Amino acid sequence: VQLQASGGGLVQPGGSLRLSCAASGSIFNIGFVGWYRQAPGKQRELVASIGSYGSPNYADSVKGRFTISRDNAKNTVALQMNSLKPEDTAVYYCNADVAGSDYVFRSYWGQGTLVTVSS
């Protein structure tokens, strides 16, 4: 099982980006999925998560600006980021609990995608 994160880039303040996390391999089921970020010199923090049945949760710092969604048929999770601020600049990682062909859930991380918000 592999997670591939994509969609990062450079955007001006107030702009938008859409991150995607795609799971590949022998997948039986995907449970919890979260998007984390880590800014230089700071700890990694959870910004948004979504459960198996689509119940989202957000960090206070991104509520009303970020939206997490999942497509279970395509094994993908997206993070729509609007009204971006310079303080959103970070490397964003996706994390997912995935059950493979042995039906055992394990935690996997994507490789990270850099989001830079700057004018």
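Residues numbered from 1 in each chain as written. Predicted model: local features only at pLDDT ≥ 70, side-chain atom pairs only at ≥ 80, totals over all residues. Heavy atoms only, no water.

Enquirer: Looking at this model, I keep getting lost on empty space enclosed by the protein. Mind explaining?
Expert: The gaps left among the atoms become clear once a water-sized probe is rolled over them. Under the criterion given, the structure shown has one cavity of 30 Å³ or more. Here the largest cavity is characterised by a volume of approximately 50 Å³. Elements represented by at least two residues in the lining of the largest cavity include exactly strand S3 (17-24), strand S4 (29-38), strand S8 (76-81) and strand S9 (90-99). The leading source of residues in the lining of the largest cavity is S3, at three residues. Partitioned by chemical class, the residues of the lining of the largest cavity number nine nonpolar, two polar and no charged. (1 Å grid on protein atoms, 1.4 Å probe; cavity = no way out; pocket = protein on both sides within 12 Å on 5 of 7 lines; lining within 4 Å. Points joined across faces, edges and corners; volume = space filled by probe spheres on them. Helix = DSSP H or I, 4+ residues; strand = E, 2+ residues; numbered from the N terminus. Nonpolar A, V, L, I, M, F, W, Y, C, P; charged D, E, K, R; others polar.)

Enquirer: I would appreciate a short explanation of the packing of aromatic side chains in the present structure.
Expert: Two aromatic rings, taken as a pair, are described by how far apart their centres are and by the angle between their planes. In the structure shown here, the tally under the stated rule is three aromatic pairs. Measuring from centroid to centroid gives 4.6 Å for Phe28 and Tyr103, while their planes differ by 80°, and the two rings are edge-to-face. Of this pair, Phe28 sits in the loop between S3 and S4 while Tyr103 sits in the loop between S9 and strand S10 (105-109), and the two are 75 residues apart along the sequence. Here Phe28 matches Tyr103 in class, with each residue exposed. Plain terms: the ring middles of Tyr93 and Trp109 are 6.5 Å apart, the flat faces sit at 80° to each other, and that makes the pair edge-to-face. Taken together, the residues Tyr93 in strand S9 and Trp109 in strand S10 connect sequence positions 16 residues apart. Here Trp109 falls in the partly exposed class, since its relative accessible area comes to 40%. (Phe/Tyr/Trp six-rings, centres within 6.5 Å; stacked < 30°, edge-to-face > 60°. Buried < 20%, exposed > 50% of the residue type's maximum accessible area, 1.4 Å probe, protein only.)

Enquirer: Sorry if this is basic, but what is going on with the state of the cysteines here?
Expert: By definition, a disulfide links two cysteine residues through a covalent bond between their sulfur atoms. The tally for this structure, following the rule as stated, stands at one disulfide. Between Cys21 and Cys94 runs a disulfide, and the two sulfur atoms are separated by 2.2 Å. Here the disulfide of Cys21 and Cys94 is right-handed, its torsion about the S-S bond being about 65°. Placement of Cys21 in strand S3 and of Cys94 in strand S9 is noted, with a sequence separation of 73 residues between them. (Disulfide = S-S within 2.5 Å.)

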